[in-house]
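Each chain is listed here by its residues.
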Amino acid sequence: MLITRRSALLSAAATSTFAIVSGRARAADTMKIGVVSPLTGPVAEPGRIQLNSVRLAAEKINAAGGVLGQQVELIVEDDQSTNPGAVLAFSRLAERKEIVGFVGSIRSTQMNAMAPDMLKVGKPVMFGGTDPTLTKLGNPWLFRCRPNDSYSGRVIVSFITDSLKLKKVALVHSTDAFGTGGKNAILANLEKKGMQPVLVQGYTNNQPDFSPVVLAVKSSGADVIVSYFTNEPDCAVFARQLRQLGVRTPWVGSPSIQSPVTRGLAKNALYGTYAVADFVEDSNPTAKAFADTYRAKHKESPDSGWTYDALTILAKGINDAKSTEPEKIRAAILAIKKFAGTEGEYNFDQFGDGLHGYNVVINNNDKIDYKEHIEFTD
Amino acid sequence: MSDFLQLVFQGLGIGAVYALVSLGFVLLIRAASVVNFGQGEFSMLGAYLLVVFFNILGINYYVSIVLSVVIMAGFGLIFAYTTYWPLRFRGGLPVIISTIGASIFLQNMVLWIYGPSSVQIDGLFDSDGIQVGEVFLASQYLAIIVLAALLVLMQYLIFEKTLLGKKLQATSQDKEMASLLGIPVVTMIMITFAYSSALGGFAGILVAPILFVSVNMAGIITLKAFAANIIGGYGSIPGAILGGLALGVAETLGAAYISVPYKDAFAFLMLLAFLMVRPQGLFGEKISEKA
């Protein structure tokens, strides 16, 4: 683990320096795209996969002739996994006038922190943060390449009622912003179907013991558990205690319950559980092809494809606009419909949200199998 | 009723964890008059050593535990020489701040080496636990309760019944006087640091299968252990144990019957109540005895 982490950092640092140096050497020849990415700090590990993916997209675009006849060149800045780091990284990129567009962050809080500067700069930013309000800020330059959180709640409720045909919901959620947002989405969507949950149970993050929650679920008479866990260890502790105390109720969770880390911690306690997921290799041919290329190059499976989609869509936008003028690129991106990406079919709406549905997956003995895709058109 | 018994068992289990970590605090308070805020990091390091020996190097589980605990004892000496020794004549506060600094350093060092993801590690037993009627007794919690009881007994015997324990206590109460009486004060303090670090590491190893191994694994537990130490009586060994168990049971029952999101609040409300009504805690010494 030591070697991977260090070498990943070194190679990331080395390549970004290289990009900057070579960028100055041949400034006029390339189409420059700024990328804000966590090269250091706690989320550097998933950040590495996102950076590899965006590079893969650049290689593919360049092999196909580039953008407006120019080769794409990525200028990467480290956000240090923090909000101030992200603001600093973006301001460094913003100073370079030759950059035509950006790939932003997967963290909603970082996007919120950078959004005012992005509005000032006035160039398209493709991003992955899933806070629904981000595209409703009145900032016309934000384009989202992952389904926002309002869809995860809708998809979970629709899957429970239409596919599993279950009615008595026990809702377990973290009391932080993510968990509370998820809870509200579930409650709103249940209400639309005229349903009331039999239990709504919040918990604070980093709990060593979940037995009070498990016993509450057990005595609620629920026939399905819905969960929004923020931290992976919390989810794993809950899963194990749930099984130990004999609860075998079907369980549909937010994306974290199918993450490799959670599965590694909880092992068989999570077998048979369902989760919503934005990137699933087997959900569509584009995702499959991307995952195969990624594996051939990096000897591991990608757990996300949004940065690949982000750059592909940005490049398509510039090509469609036949111009690097921000307003024209924006119009071209908003006009993108029925575009097959790794995360699903992109149909940009007026707010800049590209995706409107989620995949549902099931954990079959630690193998994540694609179950179905639920898409909304309204 | 079965739910109630289940909750009491869980409360005792998690309370025993608090008690174990609290014991490490008590030791250093008693023998060296040091409040060590790096105590939680001792637990975290012990658990990571087990990961290295067992998960990575594939050494036998029990041998790995022994190796980890021995290394932690050695680490306690290094900790003492770097964190406590240079500041030993400066009074309590600089040492406390120094231990906070050391704890931040250790967390970041481990974060740098292992990354932020939690690691799963096996428990002492293959079986998850046993079903007694309606109540499920998780094996790791059972082990923690039994081992905590044994360690407490051992620590009590060392402090109260052996010459070494008496020397340690004398060192804690008055270093100059102890030194005049021919007690090797420096050795006593070093022994305490080594033992406290080994004990902290062992506590970390015991809770690792329940909480998983991560940089922050000891955070909230250390805070609660410190609260348990105050509730039980600052620097009291039986107090640390009873305080820990009481805290564990109270917060688990409070969570189940009053409110889950306020679970952590119950622990600290209890602390506040004790500070106001009985500041010396359950087994606290009266100040006049020491004067």
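Residues numbered from 1 in each chain as written. Chains lettered and ligands numbered in written order. Predicted model: local features only at pLDDT ≥ 70, side-chain atom pairs only at ≥ 80, totals over all residues.

**Quick word on helix α2 (residues 44–63) of chain A**
Along an α-helix, residues three or four positions apart point the same way, because every turn accommodates 3.6 residues. All names here are of chain A. Put simply, the rule is: Secondary structure follows DSSP: runs of H or I at least 4 residues long count as helices, runs of E at least 2 residues long count as strands, and numbering of each begins at the N terminus. Expected span of a helix, by definition, is 1.5 Å for each gap between consecutive residues, and there is one gap fewer than residues. To sort residues by burial, count the other C-beta atoms lying within 10 Å of each one's C-beta; a count of 20 or more means buried, 12 or fewer means exposed, and anything in between means partly exposed. C-beta atoms are built from the backbone.
Its 20 residues give α2 an end-to-end C-alpha distance of 28 Å, which sits within 8% of 28 Å, the value for a rise of 1.5 Å per residue. Restricting attention to buried positions, one finds in α2 the residues A44, G47, R48, Q50, L51, S53, V54, R55, L56, A57, A58 and I61. Positive phi shows up at G65, right after α2, with a value of about 110 degrees.

**Some points on the pairing of strand β1 (residues 30–37) of chain A**
Residue and element names in this part refer to chain A. This is how it is decided: When DSSP finds two or more bridges between two strands, those strands count as paired.
Counting buried positions over the eight residues of β1 gives eight, a clear majority of the element. A two-sided burial pattern is seen for β1, the buried positions comprising T30, K32, G34 and V36 on one face and M31, I33, V35 and S37 on the other. Note: β1 against strand β2 (residues 71–78), eight bridges, orientation parallel. Counted as the bridge partner of I33 is L74 from β2. Where β1 and strand β3 (residues 99–103) come together, four bridges link them in parallel fashion. Residue pairing in the sheet places V35 in a bridge with V103 of β3.

**Quick notes on the nonpolar core**
We count it as follows: What we call a nonpolar core is a set of buried Ala, Val, Leu, Ile, Met, Phe, Trp, Tyr and Cys residues whose membership is set by joining through C-beta atoms within 7 Å. For the purposes of this description, domain bounds are those given by an automatic or database domain assignment. Contact between residues is assigned whenever the C-beta positions, reconstructed from backbone atoms, fall within 7 Å.
I33, V54 and L311 of chain A together with A19 and L50 of chain B are the most contacted members of the largest nonpolar core, which totals 195 residues. The element that contributes the greatest number of residues to this core is helix α1 (residues 2–32) of chain B, accounting for 18 residues. Two domains each donate at least three residues to this core, and these are domain 1 (2–147 + 283–346) and domain 2 (150–277 + 359–375) of chain A. Contact partners of L311 of chain A, with chain neighbours within four places excluded, come to I33, V54, A57, A58 and V103 of chain A.

**Some points on the sheet that holds strand β7 (residues 199–203) of chain A**
Residues and elements named next belong to chain A. Cut-off, in case you're wondering: Between the N-to-C directions of two axes lies an angle of 0 to 180 degrees, each axis being a line fitted to C-alpha atoms and, for a helix, fitted only over the stretch in contact.
Pairing in this open sheet of seven strands is mixed, and the strands run β7-β6-β8-β9-β10-β13-β14 from one edge to the other. In this open sheet, the two edge strands, each paired with only one partner strand, are β7 and β14 (367–375). For this sheet the average axis-to-axis angle between neighbouring strands, irrespective of direction, equals 20 degrees. With eight bridges joining them, strand β13 (residues 357–364) and β14 adopt antiparallel strand pairing. Paired with I362 across the two strands is D369, which belongs to β14. Each of β6 (169–174), β7 and β8 (224–228) is contacted by helix α7 (residues 211–220), which is oriented at about 175 degrees to β7, the strand it contacts most.

**Some points on the interface of chain A and chain B**
To keep things clear, this is the line we draw: Note on residue classes: Ala, Val, Leu, Ile, Met, Phe, Trp, Tyr, Cys and Pro are nonpolar, Asp, Glu, Lys and Arg are charged, and everything else, Gly too, is polar.
Taken together, the contacts link 26 residues of chain A with 30 residues of chain B. Elements with a minimum of two residues in the side of chain A that touches chain B: α1 (2–25), β7, α7, α8 (232–244) and α9 (260–266) of chain A. The dominant element in the side of chain A that touches chain B, judged by the number of residues it contributes, is α7 of chain A, at five residues. Of the residues contributing to the side of chain A that touches chain B, the split by class is 13 nonpolar, nine polar and four charged.

**Description of the domain arrangement of chain A**
Size of an interface, as often reported, equals the accessible area lost when the parts are brought together. All names here are of chain A. Taken domain by domain, chain A holds domain 1 (2–147 + 283–346) and domain 2 (150–277 + 359–375). Distance from the C-alpha centre of domain 1 to the C-alpha centre of domain 2: 31 Å. On the domain 2 side, the residues contacting the five residues of domain 1 number six residues. Residues of the side of domain 1 that touches domain 2, tallied by class, amount to two nonpolar, two polar and one charged.

**Description of unusual backbone geometry**
Residue and element names in this part refer to chain A. Its identity as a non-glycine residue notwithstanding, L68 has a phi of 50 degrees, on the positive side. The residue L68 is located in the loop between α2 and β2 in this model. Of note in the backbone geometry, K299 takes a positive phi value of approximately 60 degrees without being a glycine. By the secondary structure assignment, K299 is in the loop between α10 (285–298) and α11 (306–321).

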